[in-house]
Each structure stands twice: as C-alpha cells, then as structure tokens.
Amino acid sequence: MVEEKSWEEFKNSKMLWFVNRLIHIFGWAIVIEASESGDSRAFPARVKFRGFSEKVEDEGFIGISQFMKDNAEELLKESKE
C-alpha cells in the first residue's frame, strides 16, 4: 500500500520532527520550504545543529504520542497484513 500524503500532514503529525531528530545525529536534516502559493520543496541538507530545544522536544513527543493513540488500531491491523 502506498498512499501519498502532503508535507504539511507529515509535519503536523510530528513525523518530520521525529525523522530530523534521528538524522541530526549525523549532521543531516530534511528541510521543507513552503511558498505562499502553496507549493512545497523538500530536500536533504547538511546541518551543524544536533537536536531541538526542550520546548520543541516536548511538543514533538506529545504530537507523536497523540498520533500513535489516534492511529494505533490501523497501524496494528496494517502490521498484521
């Protein structure tokens, strides 16, 4: 199954934060540039920073927890297929 999603949904689900949190270890990030026209451009980038502020981390963990709660049944069902 492949279901295309928008970068906005990916960002709002906190998945972008989570992925960037992981790849920051290696000095990488996924950058999303959104224009006023609604177009988005995404690209990998080398970065100097390694992690996020405590506030962003708290928001990220809350968002990921909410995503898991809201999608747990479907994720479990898909994993068994």
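Preceding this paragraph is the structure being described.
Colleague: Would you mind going over the environment of Ile-25 with me for this structure?
Modeller: With respect to the helices, strands and loops of the structure, Ile-25 is situated in the loop between helix H2 (15-23) and strand S1 (28-34). Sequence separation between Ile-25 and Gly-51 is 26 residues; the distance between their C-alpha atoms is 7.8 Å.

Colleague: Please explain the pattern of salt bridges as it appears in this structure.
Modeller: When their charged atoms lie close together, side chains carrying opposite charge are able to pair. The final tally for this structure, using the stated rule, is 5 salt bridges. Note that Arg-21 and Glu-57 form a salt bridge whose closest N and O atoms lie 2.8 Å from each other. In this pair, Arg-21 sits in helix H2 while Glu-57 sits in helix H3 (residues 54-80), placing the two residues 36 residues apart along the sequence. Note on Arg-21: relative accessible area 32%, which makes it partly exposed.

Colleague: So what exactly am I meant to see when it comes to H3 here?
Modeller: Residues that lie three or four places apart on an α-helix share one face, since the helix turns once every 3.6 residues. Of all the bends in H3, the greatest measures close to 65° and is centred on Asn-71. Of the residues making up H3, those classed as buried are Glu-57, Gly-60, Gly-63 and Ile-64. Against H2 lie the buried residues of H3.

Conventions and cut-offs
Residues numbered from 1 in each chain as written. Predicted model: local features only at pLDDT ≥ 70, side-chain atom pairs only at ≥ 80, totals over all residues. Heavy atoms only, no water. Helix = DSSP H or I, 4+ residues; strand = E, 2+ residues; numbered from the N terminus. Salt bridge = Lys/Arg side-chain N within 4 Å of Asp/Glu carboxyl O. Buried < 20%, exposed > 50% of the residue type's maximum accessible area, 1.4 Å probe, protein only. Bend = angle between axes of the 7 residues up to and from the residue. Contact = heavy atoms within 4.5 Å.

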